[in-house]
Amino acid sequence: MATLLDPTARGRVILVGAGPGDPGLLTVRAVEALQQADVVVHDGLIDPRVLDLAPAHAQRISVAKKRARHTLPQEAINALIIAHVKTGSVVVRLKGGDPFIFGRGGEEVEEVRAAGLPVEVIPGVSAALGCAAEAMLPLTHRDYSSAVSFVAGQCKGLTDQDWSGLAGKGRTLVIYMGIATATDIADKLIRDGVAPEMPVAVLERGTLDGHRAIKTLLADLGPMVEREQVASPAIIVVGEVVELSDAEDKLGSWARIAGTLAETVA
């Protein structure tokens, strides 16, 4: 049986992880899929050099999402993909990071399969892995962390999520889409028993031009994001492993640390 990457197989979907940004982090298989595309349905923030890997004749359709504003609702994206496949096109659904880590790849696979159409998933380097590697921040370490968890800071609202036990000594917590709610995230974790002085890193625009890696303490997370005018895309890493990173320390003097912690406790 031919694989979905067989150029003779028409009318199919290939979900491709584009990685965190740098085209050099694409897999060989991802490049092969792009080179066969008739239609590329892509997220925002995909590097133009990645899109250039598709044939010149391939139609490129942006379905970029921004906080509180979707160009197309997910249902419309699913319908768009299916409509193009039914014309016999090879549709590459290009997603930042990995399709199955906060990329709604699972939903799209379900819809395509429900329509009776063939689909393949090509994994990508997730934002957490790519950004952490760039910042020399090991998400696990024998001396500091034996577990790592990934959560979404916006998915269905913070109040609906139970993060108990995911952060603290010996554990690493990676938060996607959490910049807009950074203060609430810090408050939530501190209420759950995470020490206010737990190291935290914010990795902004990882692997892209203008990337920054900034570290502080959990109690100072919200104020630091505001002071430094951090903007998405960015991830937040909470855990002792942050101390091993190359991230720039933006906390400031010990006097300000003491004041921040006192305000948090109060």
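Here's what I pulled together on the structure shown here. (Residues numbered from 1 in each chain as written. Predicted model: local features only at pLDDT ≥ 70, side-chain atom pairs only at ≥ 80, totals over all residues. Heavy atoms only, no water.)

With respect to the pattern of salt bridges
Defined as follows: Any carboxyl oxygen of Asp or Glu that lies within 4 Å of a side-chain nitrogen of Lys or Arg is treated as forming a salt bridge with it. The rule is simple: take the accessible area with a 1.4 Å probe, protein chains only, and divide by the maximum for that residue type; under 20% is buried, over 50% is exposed, in between is partly exposed.
Scanning the model with the defined rule gives 12 salt bridges in all. For Arg49, the salt bridge identified is with Asp47, shortest N-O distance 3.0 Å. According to the relative accessible area criterion, Asp47 is buried, its value standing at 14%. Taken together, the shared-partner salt bridges connect Glu204, Arg212, Glu228, Glu248 and Lys250 into one network.

What to know about a nonpolar patch on the surface
Selection criterion: Patches here: salt-bridge-free residues with over 30% relative accessible area, like charges joined within 9 Å, nonpolar side chains (Val, Leu, Ile, Met, Phe, Trp, Tyr) joined within 5 Å. Here the open area of atoms and residues is found with the Shrake-Rupley method and a 1.4 Å probe, where only the protein chains shown may cover a residue. Note on conventions: DSSP H or I runs of at least 4 residues are helices, E runs of at least 2 residues are strands, and numbering of each starts at the N terminus.
A contiguous nonpolar patch, built from Phe102, Leu129, Phe150 and Met177 and spanning about 350 Å² of accessible area, is present on the exposed surface. As for its position among the elements, Met177 is in the loop between strand S9 (170-176) and helix H6 (182-191). The class for Met177 is partly exposed, based on a relative accessible area of 41%.

Some words on a negative patch on the surface
Quick reminder of the rule: Only four residue types enter the charge count: Lys and Arg as positive, Asp and Glu as negative, with His and the chain ends excluded. Taken as the charge centre is NZ of Lys, CZ of Arg, CG of Asp or CD of Glu, depending on the residue.
A surface patch of negative charge is lined by Glu75, Glu107, Glu110 and Glu111. Of note, Glu75 is situated in helix H3 (residues 74-86). With relative accessibility at 60%, the residue Glu75 sits in the exposed group.

Quick notes on the sheet that holds strand S7 (residues 119-122)
Quick note on the threshold: A pair of strands counts as paired when DSSP detects no fewer than two bridges linking them. As a rule, the C-alpha atoms of each element are fitted with a line to give its axis, helices using only the stretch in contact, and angles between N-to-C directions run from 0 to 180 degrees.
Taking strand neighbours across the sheet as the criterion, the 5 strands line up as S3-S2-S6-S1-S7 in an open arrangement whose pairing is parallel. Both edges of this open sheet fall to strand S3 (59-62) and S7, since each of them pairs with a single strand only. With strand direction ignored, the average angle separating the axes of adjacent strands in the sheet is 20°.

Remarks on the packing of H3 against helix H4 (residues 105-114)
Which entries qualify depends on this criterion: Any angle that falls under 35 degrees is termed roughly parallel, while one over 145 is termed roughly antiparallel, one within 65 to 115 roughly perpendicular, and all others oblique. In this scheme the crossing of two helices becomes right-handed for a clockwise turn of the near helix relative to the far one and left-handed for an anticlockwise turn of less than a right angle. Residues are treated as being in contact if the distance between any of their heavy atoms lies within 4.5 Å. Residues are grouped as follows: nonpolar covers Ala, Val, Leu, Ile, Met, Phe, Trp, Tyr, Cys and Pro; charged covers Asp, Glu, Lys and Arg; every other residue, Gly included, is treated as polar.
Viewed as axis vectors pointing N to C, H3 and H4 meet at an angle of 45°, and their least axial separation amounts to 10 Å. In terms of axis orientation, H3 runs oblique to H4. Every pair of crossing elements has a handedness; the one defined by H3 and H4 is right-handed. In this structure, H3 contributes Gln74, Ile77, Asn78, Ile81 and Ile82 to the contact, and H4 contributes Glu107, Glu108, Glu111 and Val112. Of the residues belonging to the contact of H3 with H4, the class tally is 4 nonpolar, 2 polar and 3 charged.

As for the environment of Leu203
Looking at the secondary structure, you find Leu203 in strand S10 (residues 199-204). For Leu203, a relative accessible area of 3% translates into the label buried. Separated by 69 residues in the primary sequence, Leu203 and Glu134 have C-alpha atoms spaced 9.2 Å apart.

Considering the environment of Ala115
If you trace the backbone, Ala115 turns up in the loop between H4 and S7. Ala115 sits in the partly exposed class, given a relative accessible area of 32%. Between the alpha carbons of Ala115 and Ala79 there is a distance of 9.9 Å; along the sequence they are 36 residues apart.

Focus: the sheet that holds S9
The 6 strands lie next to each other as S8-S9-S12-S10-S11-S13, forming an open sheet whose pairing is mixed. The open sheet has two edge strands, strand S8 (145-152) and strand S13 (248-249), and neither has a second partner. In terms of strand pairing, S8 meets S9 through 7 bridges, oriented parallel. Bridging across to S9, Val148 finds its partner in Thr172.

Remarks on the nonpolar core
In plain terms, the rule: Buried Ala, Val, Leu, Ile, Met, Phe, Trp, Tyr and Cys residues that are joined via side-chain atoms within 4.5 Å together make up what is termed a nonpolar core.
Judged by nonpolar contacts, the single largest core of 24 residues is most densely connected at Ile175, Leu189, Val202, Ile236 and Val238. For this core, the elements supplying multiple residues, two or more each, are S9, H6, S10, helix H7 (221-227) and strand S12 (234-238). Looking at this core, the element that brings in the most residues is H6, giving 4 residues. Once residues within four sequence positions are removed from consideration, Ile175 is found in contact with Val151, Gly153, Trp163, Ile185, Leu189, Ile235, Ile236 and Val238. The next biggest cluster of nonpolar side chains, apart from the first, holds 18 residues, and it includes Ala30, Leu34, Val92 and Leu94.

Focus on the side chain of Thr172
What counts is decided by this rule: Polar contact criterion, stated in full: a pair of N or O atoms within 3.5 Å, where within protein one must be able to donate a hydrogen and the other to accept it, and residues adjacent in sequence count only if both atoms are side-chain atoms.
Position of Thr172 relative to the elements: it lies in strand S9. For Thr172, a relative accessible area of 1% translates into the label buried. Only 2.8 Å separates the side chain of Thr172 from the backbone oxygen of Leu139, close enough to count as a polar contact.

By themselves, these observations are geometric and do not establish any function.
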